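# Structural description and commentary
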Amino acid sequence: MPGFTGKTLLVTGAATGLGRAVATMAAASGARVAVLDVNEAEGRKTAAAVGGRFWRLDVADPSAWRDVVADIEREFGPIHYAHLNAGVMTQGLGESLAGANVESLSPDRYRQVVGVNVDGVFFGLQTLLPRMNTAAGEAVTVTSSAAGLVPIPFDPVYALTKHAVIGLVRSLALAYANARTRINAICPGGFASPLLPPEFRTAATMSAEQMAAEVVDLLLTGATGETRLKLKADAPAQAVSPPFPTLA
Ligand SMILES: NC(=O)c1ccc[n+]([C@@H]2O[C@H](COP(=O)([O-])OP(=O)(O)OC[C@H]3O[C@@H](n4cnc5c(N)ncnc54)[C@H](O)[C@@H]3O)[C@@H](O)[C@H]2O)c1
């Protein structure tokens, strides 16, 4: 498999969990990594551990995206790869999902979840694609979820956001079919990370490192438009196709 030697990788949500594992694995295979997160303390630790640099970025803020990407390019040169991975569930970190029902969800929290999981991916792609397509290209992998492909009654708003980004990835892959940059999505089942609510922690069958290996493979070799589902550590990932190719 080709590596990341001489390439720059941007990772959002890279302070902890899957983003940190991808940053670590890619750096070990030669990438210069831009570590982006709102969690400054853990983000700086990740950046130091991978020999990269930390930028504070709230992915839901479009003007911050433009500023941070311009700064990364000044420091590292063109961005070759991006993992748009920052994400939240409807409950706060460490809280039970019991409070994540639609009736009691506050408008502010609803906007936050959609802001990180959907706006964050959209503004990232909007900022990065024109720049990557006029430079060397390569790939953007978006972290969706198994909850982007099937219903999850325990967090319907999370499912909404994860379905949304699959629609965006598949549509942009067709809209940009002839462009240099491949766009695809990873759909993990449960893996151990701070995001998981306490009641699901024992059910997670995979580690963040096992998921990261799949993300690295998607970045380096995944097809554009591919939506890849990985449910168990010991079972192969599978590409999930839409029921028919397009409405056009
Ligand atoms: N853990 C699982 O079982 C699981 C399953 C499927 C999908 N996912 C997805 O994997 C991705 C990574 O999650 P994780 O499980 O590693 O959890 P995590 O909490 O360790 O990582 C999420 C990261 O996103 C960052 N973040 C949150 N809001 C942000 C914002 N506004 N701007 C920038 N960064 C922000 C957090 O600080 C954190 O570092 C998420 O998109 C999540 O939805 C996780």
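Residues numbered from 1 in each chain as written. Predicted model: local features only at pLDDT ≥ 70, side-chain atom pairs only at ≥ 80, totals over all residues. Heavy atoms only, no water.

## Structural notes on the overall build of the protein
Regarding its fold elements, the protein presents six helices and eight strands. If you list the helices and strands of the protein from N to C, you get β-α-β-α-β-α-β-α-β-α-β-α-β-β. Taking 18 Å as the expected radius of gyration for a compact globule of 248 residues, we find that the protein reaches 17 Å, a close match to that expectation. Counting every position in the protein, which comprises 248 residues, the buried fraction comes to 49%. Of all intrachain contacts in the protein linking residues separated by at least 6 positions in sequence, the fraction that spans at least 24 positions is 68%. Across the protein, the mean location of the 20 positive side-chain charges is 5 Å away from that of the 21 negative side-chain charges. (Helix = DSSP H or I, 4+ residues; strand = E, 2+ residues; numbered from the N terminus. Rg over C-alpha atoms; globule rule 2.2 N^0.38 Å. Buried < 20%, exposed > 50% of the residue type's maximum accessible area, 1.4 Å probe, protein only. Contact = heavy atoms within 4.5 Å. Lys, Arg positive; Asp, Glu negative; His and termini not counted. Charge placed at Lys NZ, Arg CZ, Asp CG, Glu CD.)

## Some thoughts on the packing of helix 1 (residues 17–28) against helix 6 (residues 208–221)
For the pair helix 1 and helix 6, the least separation of the axes is 8 Å and the interaxial angle reads 60°. As judged from the angle between their axes, helix 1 and helix 6 are oblique. Crossing angle aside, the handedness with which helix 1 passes helix 6 is right-handed. In this structure, helix 1 uses G17, L18, A21, V22 and M25 to contact helix 6, whose residues at the interface are A208, E209, M211, A212, A213, V215 and V216. (Axes fitted to C-alpha atoms, helices over the stretch in contact; angles between N-to-C directions. Parallel < 35°, antiparallel > 145°, perpendicular 65-115°, else oblique. Left-handed = near helix turned anticlockwise from the far one by under 90°.)

## Overview of the site of the ligand
In the vicinity of the ligand lie 29 residues, with T16, L18, D37, Y158 and S193 positioned nearest. Within the backbone of G17, a nitrogen or oxygen atom sits 3.4 Å from an oxygen atom of the ligand. In this structure, an oxygen atom belonging to the ligand sits 2.6 Å away from a side-chain N or O atom of Y158. The protein chains hide 93% of the 820 Å² of surface that the ligand would expose on its own. For the shell around the ligand, the elements supplying multiple residues, two or more each, are helix 1 and helix 5 (156–175). Here the shell around the ligand is built from residues that sort into 14 nonpolar, twelve polar and three charged. (Near = heavy atom within 4 Å. Polar contact = N/O pair within 3.5 Å; in protein donor to acceptor, adjacent residues only side chain to side chain. Areas by Shrake-Rupley, 256 points an atom, 1.4 Å probe, with all protein chains shown as cover. Nonpolar A, V, L, I, M, F, W, Y, C, P; charged D, E, K, R; others polar.)

## Some points on the packing of aromatic side chains
Scanning the entire structure with this criterion turns up four aromatic pairs. For the ring pair W55 and F76, a centre distance of 5.7 Å and an interplane angle of 90° mean the geometry is edge-to-face. In this pair, W55 sits in strand 3 (residues 53–56) while F76 sits in helix 3 (residues 62–76), placing the two residues 21 residues apart along the sequence. Consider the rings of F122 and F123, whose centres lie 5.7 Å apart with planes at 65°: the pair is edge-to-face. Note that R53 overlies the ring of W55, its terminal NZ or CZ placed 4.1 Å from the centroid. (Phe/Tyr/Trp six-rings, centres within 6.5 Å; stacked < 30°, edge-to-face > 60°. Lys NZ or Arg CZ within 6 Å of the ring centre and 35° of its normal.)

## Quick notes on the environment of A100
Note that A100 resides in the loop between strand 4 (81–84) and helix 4 (107–134). Relative accessible area serves as the criterion here: at 3%, A100 is assigned to the buried category. Placed 141 residues apart in sequence, A100 and S241 show a C-alpha to C-alpha distance of 30 Å. Leave out the neighbours within four places in its chain, and A100 touches T90, Q91, F154, D155 and P156.

## Points about the pairing of strand 7 (residues 227–230)
Because side chains alternate across strand 7, one face comprises the buried residues T227 and L229, and the other comprises R228 and K230, equally buried. Remark: the strand 6 (residues 181–188)/helix 6/strand 7 crossover connection has left-handed handedness. (Right-handed = clockwise from strand over helix to strand, strands pointing away.)

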